[in-house]
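# Coordinate analysis (summary)
As a plain string of letters, each chain reads:
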Amino acid sequence: MNREQFERMKNGKGFVAALDQSGGSTPKALKNYGVDETEYSNDEEMFNLVHEMRKRIITDKSFTSDRILAAILFKVTMNSKVDGKYTADYLWEEKGVVPILKIDEGLDKLKDGVQLMKPFKHIDELLENAKERNIFGTKMRSVIKELNEESIGKVVKQQFDYAKMISAKGFVPIIEPEVDIHAKDKKEIEEVLKEYLIKELKNLDKDTYVMFKLTLPEEPNLYHELLDFEQTVRIVALSGGYSRNDANKKLVQNEDVIASYSRALTEGLNVNQTEEEFTNMLDDSIEKNYIASVEK
């Protein structure tokens, strides 16, 4: 573990840029960016185009460590280069931004109100690759759609089981049990989720560190108790379908929680914008997310 990066993630001011769209979400991300599906004919071309989008964001003069703590990458991005350097090295060495890798292999089918992660078939190989690329931490996502205590418990247990293994390999994992913002019993789901998270934290070894990426809760500061544990490095919030404006309104109500947005970060960016237009739009997005993250 890189101790300088650890201290930055734990105590630094800023937010986390989520640039980890995968195969399923990439077409929508590109479309929002102004790149239609007719402009690519296979996955390789699609991923090349989204890497160009991410590269444009990362290299922009507004994308700096003054406001951005870390960036979450997809595997293809990790193994691609920016100005001659692998993306993680460029982020840390040129921008001072901590590199994190999305490692889950997608969601399983909806069952009993939740979507567990598909079993990790290539986790050892991927983590070895991540170590070679100087990745600091990982991120993995599950989804909770209904109030089912047993299923919520399964989601949390799966996340922590993988987190322990990932931590043992020298990374700091982000645990992300997303609660669907449209869930009928969202508030009650979040209360159950919190209890399971605390239960697992109590049983975590002292030298196993984790971060949490959580849906912005209905009750402000619901998850603040997670920070009472030494093993909790940081809590970050996902936008989960909220607009940037709505997400940030909720974010400011949650003390010591910072943003980790994907769509709400890139909202308004377009492939056809001039360099000045692109920078102005990105700078405005970064500033709004930064203020909501640090000025409570």
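Located above this text is the structure these notes cover.
Now for a look at the structure at hand. Predicted, not measured: the structure shown is a model, and the values here were computed from it.

When helices and strands are counted, the chain shows 11 helices and 11 strands. Taking 2.2 N^0.38 as the reference for a compact globule, 296 residues should give roughly 19 Å; the C-alpha atoms of the chain span a radius of gyration of 18 Å, in line with that estimate. Considering only C-alpha atoms, the chain reaches an extent of 50 × 40 × 40 Å along its principal axes. Among the 296 residues that make up the chain, the fraction classed as buried is 54%. For the chain, contacts bridging at least 24 residues in sequence account for 73% of all contacts bridging at least 6. Carbon and sulfur atoms make up 43% of the accessible area of the chain, which amounts to about 13,300 Å² in all. Once the 44 positive and 55 negative side-chain charges of the chain are each reduced to a mean point, those two points are 1 Å apart.

Quick look at the packing of helix α3 (residues 43-59) against helix α5 (residues 87-95) now. As a packed pair, α3 and α5 sit with axes 11 Å apart at the nearest point and diverge in direction by 10 degrees. For the element pair α3 / α5, the angle class is roughly parallel. In this structure, α3 uses H51, I58 and T59 to contact α5, whose residues at the interface are T87, Y90, L91 and K95. Broken down by class, the residue content of the contact of α3 with α5 amounts to three nonpolar, three polar and one charged.

Here we come to α3. For α3, which comprises 17 residues, the first-to-last C-alpha distance of 24 Å matches the rise-based estimate of 24 Å (1.5 Å per residue) to within 8%. Looking at α3, one finds that the buried residues are M46, F47, V50, H51, M53, R54, I57 and I58. Around the axis of α3, the buried residues are gathered within 160 degrees of arc, so they sit on the same side. For α3, the N-terminal capping position is held by N42, with its side-chain oxygen 3.2 Å away from the main-chain nitrogen of E44.

Turning our attention to the pattern of salt bridges. Side chains carrying opposite charge are able to pair once their charged atoms draw close together. Summed over the entire model, instances satisfying the criterion amount to 19 salt bridges. When the shortest N-O distance is used, the salt bridge between R141 and E178 registers 2.7 Å. Placement of R141 in strand β7 (residues 137-144) and of E178 in strand β8 (residues 172-179) is noted, with a sequence separation of 37 residues between them. A relative accessible area of 28% means that R141 is categorised as partly exposed. Residue classification places E178 among the buried residues on the basis of a relative accessible area of 11%. Residue E218 is joined to K250 by a salt bridge in which the shortest nitrogen-to-oxygen separation is 3.8 Å.

Calculation criteria
- Residues numbered from 1 in each chain as written.
- Predicted model: local features only at pLDDT ≥ 70, side-chain atom pairs only at ≥ 80, totals over all residues.
- Heavy atoms only, no water.
- Helix = DSSP H or I, 4+ residues; strand = E, 2+ residues; numbered from the N terminus.
- Rg over C-alpha atoms; globule rule 2.2 N^0.38 Å.
- Buried < 20%, exposed > 50% of the residue type's maximum accessible area, 1.4 Å probe, protein only.
- Contact = heavy atoms within 4.5 Å.
- Areas by Shrake-Rupley, 256 points an atom, 1.4 Å probe, with all protein chains shown as cover.
- Lys, Arg positive; Asp, Glu negative; His and termini not counted.
- Charge placed at Lys NZ, Arg CZ, Asp CG, Glu CD.
- Axes fitted to C-alpha atoms, helices over the stretch in contact; angles between N-to-C directions.
- Parallel < 35°, antiparallel > 145°, perpendicular 65-115°, else oblique.
- Nonpolar A, V, L, I, M, F, W, Y, C, P; charged D, E, K, R; others polar.
- Expected span 1.5 Å × (residues − 1).
- Arc of directions from axis to C-beta.
- Polar contact = N/O pair within 3.5 Å; in protein donor to acceptor, adjacent residues only side chain to side chain.
- Salt bridge = Lys/Arg side-chain N within 4 Å of Asp/Glu carboxyl O.

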